[in-house]
Amino acid sequence: MRSTYVNTTEIRAGDTVAVLAGKDAGKRGVVKGLVAPGRVLVEGVNKAKKHQKPRQKMSSGSQTPTIEPGGIIEMEMPLAISNVAVVCSKCDRPVRIKASRTSDGKKQRLCGRCKGVLTATKSKEVAK
Ligand SMILES: [Zn+2]
């Protein structure tokens, strides 16, 4: 286990990423956000099912207990950043990010393969 914080992969919210390892390897999804150092939440990927049992709850002031229905709750679990890679829209495959600067000094990310500029999908287009 590597304990140092790695910030070489500049993955951002809105990026389309491919999962490289784990049970969802090969899946693609859009990054919802960075949740912890080195961990990202990817839409529709690494879903964990939580079985919720029906529960009886006594509400104060009422004689009859209310029943909370049970069911399966699906929630996305964060993935380690090292297990995902940004998908270049031109190459249509996971690529290595190259950090670079534009001529006016702004940071930009380039595809390590085709050298095209990587841009994150607008989060508004992501929302369904
Ligand atoms: Zn590319």
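Up top is the structure.
Let me begin by describing the structure that accompanies this report. (Residues numbered from 1 in each chain as written. Predicted model: local features only at pLDDT ≥ 70, side-chain atom pairs only at ≥ 80, totals over all residues.)

1. So, the sheet that holds strand β3 (residues 39–42)
Phase 1: Read across the open sheet, the 6 strands follow the order β8-β3-β2-β1-β9-β10; overall the sheet is antiparallel. Each edge of the open sheet carries a strand with a single partner, namely β8 (79–80) and β10 (93–94).
Phase 2: Relative to β10, strand β9 (residues 84–88) is paired through 2 bridges, and the arrangement is antiparallel. Opposite C88, over in β10, you have R93 as the bridge partner. (Pairing = 2+ DSSP bridges. Helix = DSSP H or I, 4+ residues; strand = E, 2+ residues; numbered from the N terminus.)

2. So, the nonpolar core
Phase 1: Ranked by size, the top nonpolar core spans 19 residues in total, and within it I11, V17, V40, V42, V84 and V86 carry the most contacts.
Phase 2: Considering each element in turn, this core owes the most residues, 5 residues, to β9.
Phase 3: Ignoring anything within four residues of it in the chain, the contact list for I11 reads V17, V31, V40, I81, V84 and V86. (Core = buried A, V, L, I, M, F, W, Y, C linked by C-beta atoms within 7 Å. Buried ≥ 20, exposed ≤ 12 C-beta atoms within 10 Å, placed from the backbone. Contact = placed C-beta atoms within 7 Å.)

3. Remarks on the pairing of strand β7 (residues 71–76)
The two faces of the sheet receive side chains in turn, since in a regular strand these alternate between them.
Phase 1: Little of β7 sits inside the fold, with 0 of its 6 residues counted as buried.
Phase 2: Strand direction decides the pairing type here: strand β4 (residues 47–52) and β7, joined by 6 bridges, are antiparallel. From the neighbouring strand, K47 faces β7, where its bridge partner is E76.

None of the figures reported here should be taken as evidence of function without further support.
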